[in-house]
Amino acid sequence: MPDRIAAEARSAMAQATDYRSWAAAAEELDRRQGLDDWKDDEVSEDYDWRLVRSRLRQIRQYRQAGDVPKLVYHLRQGLHWNLGNTGNPQLYAQAHFGTKRLVREYVTEVSEALQFLCTHESPGFSRAQRLRFFHETALSYGRSALMLSGGATLGLFHVGVVRALYREKLLPIVMSGSSAGSVVTGIVGSRAPHEVESLLDPDNAYYHFWRVLPFRQMLKTRAVMDQDQVRIALSHNMPDLTFEEAYKLSGRIANITVSPAGSNQPPRLLNYLTFPYLYLREAVMASCAVPLLFPPVQLMTRDEDGRRAPYMPLLRWNDGSLKSDLPTIRLRRLHNVNHFIVSQTNPHVIPFVSRRGPEEKQSVLSSARAYARSTVRGQAKSLIDLARSALPLGPLARPLETASSILDQNYRGNINIFPEVSLWRYINVTSNPNLETVKRFMLEGERAAWPRIEMIRNQTLISTTLDACVDRLEQEAHGVEQALTELPQMPKKPGLRVVRTRD
């Protein structure tokens, strides 16, 4: 007989408007299907449960005993991302909510042990030693990034994803965005932390980015859409700051991708490290400048006198998703990222990539479809590259180069969040949404993110704890240094030296 309670739980998951309601229904469904027993059972071929259990007991024992030297030694030597394959997506294939309790207990215990070391004063573990330990361990362990693709109006889906992560305190410090994703990244990355919640409220944002140009203006600008309307929308949503100023204000590392409008230039990843004095608004405008729809954009910078000036006046830039939708390699090198959460809404991508998560079991039919997609994509790129190298293309050279670049990119990360594919979404891809449409897109983004929340929580807890400990210890060190410099200077007797102890 059908399980009425299980059916009600499924219905509650589908109709939930907040994560807590969805999670409660998902947990109830797991209970009805007997999956709590699977969670309690440590044994699985999908990870090295013996190693994880041994490490958990060892770390817990040292923390509870207050044995700082042994805890430091074993964490420094054995704390690595994906220990025992705990990051295996298959561990999240069985239950609707969460995974093996052993995995959750392990990452929680490690987080508590790190907080203990960060706050515990020990004679053999000075402040300087603590700071060095956390710096080195954080560098060794790595961190996560949220990557937001292009997608025009479909990019409103990203807002829902960001809101779901932010409300669960899971929004990574490192964010990247291209095209529509750059708008969301720029907005979140240029506001103080306490402002983010209000920015994600659909009633508080301005979403009118589109205005079709009169025909004469189209001929003059060689574009269909009015770029001034984009500028107006961005001015409503984000302050006029440089990347460096935005980072200092928000504490988040906003990365914006742009593609060159001309030849002999690589795509660029713009952030406070690579281009600290560039203005964020123009960077976002450039990343949104889809060829034919918008003209390419000149970037602006703050010069050595503090004035706004063109950056490399002869260069123009356009849509970042054309050549670098998801800049994984640059994020690895610049920000020590080794774990990528991807929200993918690019209209030319989502029909051709499997929306099935890596944690979901593949059927023979879905595997065959994935193989067919991969084969068609590879053959198309080979034909385009053959044409580029063997034929005199003339005006077709640039479009074929862009097509090859689009086909050559990897559009997936460690955790992937996709919208549904529907005609309604494509109809609205270049239209100004009304408030009802905005709310619908955002809720879809949230609902798509909720099944990934516990996976994200487990896979990011240790790295966020390490970052928080480093920040705390650095602030304490800065406070001590500042206090010492502000002490009143007492008159010294001749020949008297003041010696300060140093950690």
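Above this text sits the structure in question.
About the cut-offs
- Residues numbered from 1 in each chain as written.
- Predicted model: local features only at pLDDT ≥ 70, side-chain atom pairs only at ≥ 80, totals over all residues.
- Heavy atoms only, no water.
- Helix = DSSP H or I, 4+ residues; strand = E, 2+ residues; numbered from the N terminus.
- Buried < 20%, exposed > 50% of the residue type's maximum accessible area, 1.4 Å probe, protein only.
- Contact = heavy atoms within 4.5 Å.
- Areas by Shrake-Rupley, 256 points an atom, 1.4 Å probe, with all protein chains shown as cover.
- Phe/Tyr/Trp six-rings, centres within 6.5 Å; stacked < 30°, edge-to-face > 60°.
- Salt bridge = Lys/Arg side-chain N within 4 Å of Asp/Glu carboxyl O.
- Pairing = 2+ DSSP bridges.
- Axes fitted to C-alpha atoms, helices over the stretch in contact; angles between N-to-C directions.
- Parallel < 35°, antiparallel > 145°, perpendicular 65-115°, else oblique.
- Left-handed = near helix turned anticlockwise from the far one by under 90°.
- Nonpolar A, V, L, I, M, F, W, Y, C, P; charged D, E, K, R; others polar.
- Core = buried A, V, L, I, M, F, W, Y, C linked by side-chain atoms within 4.5 Å.

Undergrad: Which parts of the structure should I look at to understand the overall build of the protein chain?
TA: Broken down by element type, the protein chain carries 21 helices and 9 strands. Within the protein chain, the fraction of its 503 residues that count as buried is 48%. In the protein chain, the proportion of contacts linking residues at least 24 apart, taken out of those at least 6 apart, comes to 77%. Working note: accessible area of the protein chain is about 25,400 Å², and carbon and sulfur atoms make up 54% of it.

Undergrad: Would you explain the packing of aromatic side chains in this entry?
TA: Aromatic rings considered in pairs are described by the distance between their centres and by the relative angle of their planes. Going through the model one piece at a time under the given rule, you end up with 6 aromatic pairs. Ring plane angle 20° and centroid distance 6.0 Å describe the contact between Y19 and W22, whose orientation is recorded as stacked. Of this pair, Y19 and W22 both sit in helix α2 (residues 19-32), 3 residues apart, which is roughly one turn of the helix. Each member of the pair, Y19 as well as W22, carries the same accessibility label: buried.

Undergrad: Teacher, can you tell me more about the pattern of salt bridges here?
TA: Pairs may arise between side chains of opposite charge once their charged atoms sit close together. Counted according to the given criterion, the structure contains 32 salt bridges. The closest approach of N and O atoms between E28 and R31, which form a salt bridge, is 2.8 Å. Residue E28 and its partner R31 are both found in helix α2; the two are separated by 3 residues, about one turn of the helix. The exposure class assigned to E28 is partly exposed, which follows from its relative accessible area of 23%. Overall, R31 belongs to the partly exposed group, its relative accessible area being 44%. A salt bridge links E446 to R163; the shortest N-O distance between them is 2.7 Å. Of this pair, E446 sits in helix α20 (residues 435-449) while R163 sits in helix α8 (residues 156-167), and the two are 283 residues apart along the sequence. Taken as a pair, E446 and R163 share a single burial class, namely buried.

Undergrad: Sorry if this is basic, but what is going on with the pairing of strand β3 (residues 253-260) here?
TA: It is a general feature of regular strands that their side chains alternate between the two faces of the sheet. A large share of β3 lies buried, amounting to 8 of its 8 residues. Burial along β3 is two-sided: the face carrying I253, N255, T257 and S259 and the face carrying A254, I256, V258 and P260 are both buried. Relative to β3, strand β2 (residues 174-177) runs parallel, the two sharing 4 bridges. Bridge assignment links V174 to a residue of β3, and that residue is I253. Pairing analysis gives 3 bridges linking β3 to strand β4 (residues 268-270), with the strands arranged antiparallel. Each bridged residue has a counterpart across the sheet, and for V258 the counterpart in β4 is R268. In the sheet, β3 pairs with strand β7 (residues 317-318) via 2 bridges, with the strands oriented antiparallel.

Undergrad: Any chance you could explain the packing of helix α1 (residues 4-15) against α2 here in plain terms?
TA: Describing two packed helices takes the angle between their axes plus the distance from one axis to the other. Axis separation between α1 and α2 bottoms out at 8 Å; the angle between their running directions is 155°. As summarised for this structure, α1 and α2 are arranged roughly antiparallel, according to the angle between their axes. Read as a crossing pair, α1 and α2 show a hand that is left-handed. Facing α1, whose interface residues are I5, A6, A9, R10, A12 and M13, α2 presents W22, A25, A26, E28, L29 and R32. Across the contact of α1 with α2, the residue classes tally to 9 nonpolar, no polar and 3 charged.

Undergrad: How should unusual backbone geometry be read in this particular structure?
TA: Among all residues except glycine, the phi angle is most often negative; among peptide bonds, the trans geometry is most common. Of note, N85 is a non-glycine position whose phi angle comes to about 65°, a positive value. Here N85 lies in the loop between α5 (68-78) and α6 (101-119). Of note in the backbone geometry, S179 takes a positive phi value of approximately 55° without being a glycine. By the secondary structure assignment, S179 is in the loop between β2 and α9 (180-188). According to the relative accessible area criterion, S179 is buried, its value standing at 6%.

Undergrad: Would you explain the nonpolar core in this entry?
TA: If you look at the biggest cluster of nonpolar residues, it comprises 78 residues, and the most contacted ones within it are Y106, L117 and F134. In terms of residue count, α6 provides more of this core than any other element does, 10 residues in total. Other than its neighbours up to four places away in sequence, F134 contacts L114, L117, C118, L466, C469, V470 and L473. Grouped together as the second largest cluster of nonpolar side chains are 31 residues, A233, L234, F294 and Y311 included.

Undergrad: Is there a simple way to think about the packing of α8 against α9 in this case?
TA: Orientation of α8 relative to α9, taken along the N-to-C sense of each, is 40°, at an axis distance of 8 Å. The angle between the axes of α8 and α9 places the two elements in the oblique class. Seen from above, α8 lies across α9 with right-handed handedness. Of α9, the residues touching α8 (which contributes H158, V159 and V162) are G181, V184 and V188. Here the contact of α8 with α9 is composed, by residue class, of 4 nonpolar, 2 polar and no charged.

Honestly, that's just the spatial picture; any functional story needs more than this.
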